[in-house]
Amino acid sequence: MTAPYLVDSYPLGAHTVRRLGYGAMQLAGPGVFGPPRDRKAAIAVLREAIAQGVNHLDTSDIYGPHVTNELIREALHPYREGLVIATKVGAVRGPSGSWEPAFSAADIERAVHDNLRNLGLDVLDVVNLRAMFSAQGPAEGSIEAPLTVLAELQRRGLIRHIGLSNVTAAQIAEGRKLTDIVCVQNQYNLTHRTDDAVIDELAALRIAYVPFYPLGGFSPLQSSALNTVAARLGATSMQVALAWLLRRSPNVLLIPGTSSIAHLRENLASASIVLSDEDLATLNGLAEHA
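Please read these numbers as outputs of a predicted model, since none were measured by experiment.

Colleague: Would you mind showing me how to read the overall build of the chain here?
Modeller: Counting its secondary structure elements, the chain contains ten helices and eleven strands. Buried positions account for 54% of the 290 residues belonging to the chain. In the chain, the proportion of contacts linking residues at least 24 apart, taken out of those at least 6 apart, comes to 75%. Of the accessible surface of the chain, which amounts to about 12500 Å², a share of 53% is contributed by carbon and sulfur atoms. Each charge class in the chain can be summarised by its mean position, and for the 24 positive and 28 negative side chains these summaries are 4 Å apart.

Colleague: Which parts of the structure should I look at to understand the pairing of strand β11 (residues 208–212)?
Modeller: On any regular strand, side chains alternate: one points to one face of the sheet, the next to the other face. Most of β11 sits out of view: four of its five residues are buried. Direction of pairing for strand β10 (residues 183–187) relative to β11: parallel, over a ladder of five bridges. In the sheet register, valine 184 faces β11, and the bridge partner there is tyrosine 209. Chirality of the crossover, the property in question, places the unit of β10, helix α6 (residues 196–204) and β11 among those that are right-handed.

Colleague: Help me understand the sheet that holds β11 in this model?
Modeller: Across a sheet, strands are paired by hydrogen bonds formed along the backbone, either parallel or antiparallel in direction. Read from one edge of the open sheet, seven strands run β3-β4-β5-β8-β9-β10-β11, paired in parallel fashion. At either end of the open sheet lies a strand with only one pairing partner, and these are β3 (22–23) and β11. Lying on the sheet, helix α3 (residues 105–119) is in contact with β5 (84–89), β8 (124–130) and β9 (159–165); it crosses β5 at an angle near 145°. Against the sheet, helix α4 (residues 144–155) makes contact with β5, β8 and β9, and its axis sits at roughly 160° relative to β9, the strand it touches most.

Colleague: I'm lost on the packing of helix α1 (residues 39–51) against helix α2 (residues 67–76) in this one. Help?
Modeller: Geometry of a packed helix pair, given as the angle between the helix axes and the separation of the axes. The geometry of α1 relative to α2 is characterised by a closest axis approach of 9 Å and an angle of 65° between their N-to-C directions. Crossing geometry of α1 relative to α2 is assigned as right-handed. Contacts between α1 and α2 pair Arg39, Ala42, Ile43, Leu46, Arg47 and Ile50 from the former with Glu70, Leu71, Ile72, Glu74, Ala75 and Leu76 from the latter. Among the residues forming the contact of α1 with α2, the class breakdown is eight nonpolar, no polar and four charged.

Colleague: How should the nonpolar core be read in this particular structure?
Modeller: Across soluble globular proteins, nonpolar side chains have a tendency to be buried as a group. Among the nonpolar cores identified, the biggest contains 79 residues, and Tyr22, Ile72, Leu76, Val112, Leu129, Leu150 and Leu283 are the most heavily contacted of them. The greatest single-element share of this core, amounting to seven residues, is contributed by helix α8 (residues 237–248). What valine 112 contacts, discounting residues up to four positions off in sequence, is Val89, Leu124, Leu150, Leu153, Leu158 and Ile159. Leu12, Val17, Ala86 and Val126 belong to the second largest nonpolar core, which has twelve residues in total.

Colleague: Explanation requested: the side chain of asparagine 251 in the structure shown.
Modeller: You can see asparagine 251 is positioned in the loop between α8 and α9 (261–268). Here asparagine 251 falls in the buried class, since its relative accessible area comes to 0%. Of note is the side chain of asparagine 251, whose polar atom sits 3.0 Å from the backbone oxygen of isoleucine 207. Setting aside its immediate chain neighbours within four residues, asparagine 251 contacts Tyr10, Ile199, Leu202, Ala203, Ile207, Ala208 and Tyr209.

Colleague: How do you make sense of α9 when you look at a structure like this?
Modeller: The α-helix winds at 3.6 residues per turn, so residues separated by three or four positions along the chain end up facing the same way. When we look at burial in α9, the residues that qualify are Leu264, Asn267 and Leu268. Each buried residue of α9 sits inside an arc of 95° when the element is viewed along its axis, so together they form one side. The secondary structure elements touched by the buried residues of α9 are β3, α1 and α8.

Colleague: Just checking my understanding: could you explain unusual backbone geometry for this structure?
Modeller: Most peptide bonds adopt trans geometry, and most residues besides glycine take a negative phi value. For the bond running from glycine 64 to proline 65, omega is -10°, close enough to zero to count as cis. Mapped onto the elements of the fold, proline 65 is located in the loop between β4 (56–58) and α2. A cis amide bond, omega 0°, links histidine 77 with the succeeding residue proline 78. Phi is positive for histidine 66, which is not a glycine, with a value near 75°. Structurally, the position occupied by histidine 66 is in the loop between β4 and α2.

Conventions we followed
- Residues numbered from 1 in each chain as written.
- Predicted model: local features only at pLDDT ≥ 70, side-chain atom pairs only at ≥ 80, totals over all residues.
- Heavy atoms only, no water.
- Helix = DSSP H or I, 4+ residues; strand = E, 2+ residues; numbered from the N terminus.
- Buried < 20%, exposed > 50% of the residue type's maximum accessible area, 1.4 Å probe, protein only.
- Contact = heavy atoms within 4.5 Å.
- Areas by Shrake-Rupley, 256 points an atom, 1.4 Å probe, with all protein chains shown as cover.
- Lys, Arg positive; Asp, Glu negative; His and termini not counted.
- Charge placed at Lys NZ, Arg CZ, Asp CG, Glu CD.
- Pairing = 2+ DSSP bridges.
- Right-handed = clockwise from strand over helix to strand, strands pointing away.
- Axes fitted to C-alpha atoms, helices over the stretch in contact; angles between N-to-C directions.
- Left-handed = near helix turned anticlockwise from the far one by under 90°.
- Nonpolar A, V, L, I, M, F, W, Y, C, P; charged D, E, K, R; others polar.
- Core = buried A, V, L, I, M, F, W, Y, C linked by side-chain atoms within 4.5 Å.
- Polar contact = N/O pair within 3.5 Å; in protein donor to acceptor, adjacent residues only side chain to side chain.
- Arc of directions from axis to C-beta.

Dropping the structure here:
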């Protein structure tokens, strides 16, 4: 029996998506730059994700750049009814693969049109504005100007829903005053829990929270404790880390990425893992501040 907290789906704007989705970032080349090592394998992973019931894909035209969107179009277009593709704008790639801010009105509009063209769409389901005030993570700074451009593109019918990425609580509040925000995409995992209060506030507002980097940053000691729980459950440590995120709050939508079909299936199987109170106590003690 599925535990009551493991609801299978959650609203993402006007859509309802399964809580375990797929992030296409890893389909690009090393450093999310250039083409994949094996294009046929990348396309196979995308098709398998849809075959497994995934209806929430996360991508961006800055991955590659253009690579993941072109792969998605080749693998899946025309898109299955009910598939929600979320993308993001606010950055560009330098010649050597660096990530640079791209917040001007021209940058934002160009990025939206790039995503539309390369995905083969007339309208984007969800566009996340990624804040780029610091390379280390969320940092304060006004998002009013670029978000206003996105809101205008939404009014023109090019975007259905708007989200935010790599943002502070203050920026989320600022964004919600300017337009409807359907999701927030920030770093969050078993050990990196800076956004605990943000998740709870968004849950009360019925706004989705999409953690990136959900499987990284574990110290050897934390990994040992995680491995112990995984062994007890007959699962992998990464499956347990994803299961904990699903348990964290029903508004959490996961988008773990992989370029392997076997790993994709393993990630999706995380939804069936039920954590005991003992497991939770162990895992909850792994936070960075613990």
